[in-house]
Amino acid sequence: MRTHPGITMLIVWAMAVAAFVILPFQIETRTVTTHGFLILALFLGTFVAGSFLASPILPRKKQIVYERLDMARADKLIFFGTLVAIFALLAESATTSVTTLEGAFLDRNERSVGVLLGQDTGGSIFFQIGFLTYPIAFVAIVREILFRERIRIYALAFFGFLPPVLAALVMGGRGTILFAFVVLVAAFWTRGVLFPRSKKVRSKESRGRRVVTAIAVAAGMMVAMDYFVDVFLVRANVAGGVQAMSQIAAYNWGVSFNGKGSETLYAIVGESNAYLIYVFIWYLVQGLLISNTIFSEFTGDPTLGIYGVDLATAVARRIDPEFVSSRFLSLAGLNVYGFLPNAFGSLYVDFKFFGLVLTFAWGFACGFVYRRTMRSSDARWLFVWPLISVGLIFSLLNTPLGFNNGFTTHIWFLAVTLLIRRVHGTRTQFVAA
């Protein structure tokens, strides 16, 4: 079921607010203002208005007869793009001195400080190639889930998940893996439109394939969760343990996990598990407070995209690292540099109130795609719908073009979509190429 993007956005943000209120978060050193929350509400309302101007809430037709698609050219691009990404990331991994999660964490911190001081101008040529190509894996996930009646687990693992895993290991983070799994869920959610359960042949073979697919996805999620936990705990160990890291986090983030009900939570789940809940949920909801500081206190010049778009930052660092440093130092003074400011905080830093125009355009584009997916016989609109959905979810962290190398991801989606050919004159309920 495809929910109107304006409604989805409101649900996502309502859940984030609920998580922050219900869990024992406690503001320590940060100051929140009504003015900041009103500006946030203005941006959020602007997005919703744009989405509803593009399309009202539409009932889905019981059946849409889609045109057949030729995926041959698109598959070639996915194949070669993935191979380049894997080769580049493996080469980067082989040539770097970082061999552990702890080393990757420290290397990542050094790069972050280098950007702030105008000293770091980017990684090796292999890192740069890998950075530009690994997002094609997200396209591969959607292609495999959405347009193939019998999902190939080996192809999903190799083309869809190997590049994000290698990117996470090389970069010392976990965002690429998290993004890949959210794209996977969004693609499965959309898949029901083309392969409704009531239409499936309930043979032993089809049931067996579904069971194998479910087991493979579940196993992958368990491995990913174990990796997330390891990343969090490694960072805590670097600081001297969970308790020490909690204190450091409370000081640096300005938010602790010592609010009302914290003692009960710690008694039930234990200190280590409570810490994991703390850092994981904070990762998702931090934009509520970071954007409040930005809306209330940021008075610097607009950064014109270098704050919110990874690729713009990387290009600007190579051309004029001092310019990037000068813009980011004002953010460091507000203790928002290095945090995820949510989509609207990011747009405000980059474009001030002109960001409202871009927010409206974003909402309108989402509403337009929603309208086409609900009415058009061109299944290519369904191909981009998971990307739209993921952008709404991660609006809590950054814009769709900013979070997790999003600009490059959108370029790959556009390139692959343009290579998908509609076979005119041949219509079917849907037959995968």
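Looking at the overall build of the chain
1) Next: Along its length, the chain carries 19 helices and four strands.
2) Next: Buried positions account for 52% of the 433 residues belonging to the chain.
3) Next: Here the analysis covers contacts within the chain between residues at least 6 apart in sequence; of these, 85% occur between residues at least 24 apart.

Let's talk about a nonpolar patch on the surface
1) Next: Judged by side-chain polarity, Leu53, Phe360, Phe364 and Phe368 come together as a nonpolar surface patch covering roughly 370 Å² of accessible area.
2) Next: If you tally residues by element for the nonpolar patch, the top one is helix H17 (residues 355-375), at three residues.
3) Next: Relative to the helices and strands, Phe364 is located in helix H17.

A word on the packing of aromatic side chains
1) Next: One pass over the full model with this rule turns up 32 aromatic pairs.
2) Next: With a centroid separation of 6.2 Å and an interplanar angle of 75°, the aromatic rings of Tyr307 and Phe328 are classed as edge-to-face. Of the two residues, Tyr307 is situated in the loop between helix H13 (287-297) and helix H14 (310-319) and Phe328 in helix H15 (residues 321-333); the sequence distance between them amounts to 21 residues.
3) Next: Judged by relative accessible area, Tyr307 falls into the buried class, the value being 13%.

Looking at empty space enclosed by the protein
1) Next: Scanning the entire structure with this criterion turns up three cavities of 30 Å³ or more.
2) Next: The volume enclosed by the largest cavity comes to roughly 50 Å³.
3) Next: In this structure, the largest cavity is lined by Phe179, Leu387, Val390, Gly391, Phe394, Asn398, Thr399, Pro400, Phe403, Gly406 and His410.
4) Next: Contributing elements (two or more residues each) for the lining of the largest cavity: helix H18 (380-393) and helix H19 (406-419).

What counts and what doesn't
Residues numbered from 1 in each chain as written. Predicted model: local features only at pLDDT ≥ 70, side-chain atom pairs only at ≥ 80, totals over all residues. Heavy atoms only, no water. Helix = DSSP H or I, 4+ residues; strand = E, 2+ residues; numbered from the N terminus. Buried < 20%, exposed > 50% of the residue type's maximum accessible area, 1.4 Å probe, protein only. Contact = heavy atoms within 4.5 Å. Patch = residues over 30% accessible without salt bridge, like charges linked within 9 Å, V, L, I, M, F, W, Y side chains within 5 Å. Areas by Shrake-Rupley, 256 points an atom, 1.4 Å probe, with all protein chains shown as cover. Salt bridge = Lys/Arg side-chain N within 4 Å of Asp/Glu carboxyl O. Phe/Tyr/Trp six-rings, centres within 6.5 Å; stacked < 30°, edge-to-face > 60°. 1 Å grid on protein atoms, 1.4 Å probe; cavity = no way out; pocket = protein on both sides within 12 Å on 5 of 7 lines; lining within 4 Å. Points joined across faces, edges and corners; volume = space filled by probe spheres on them.

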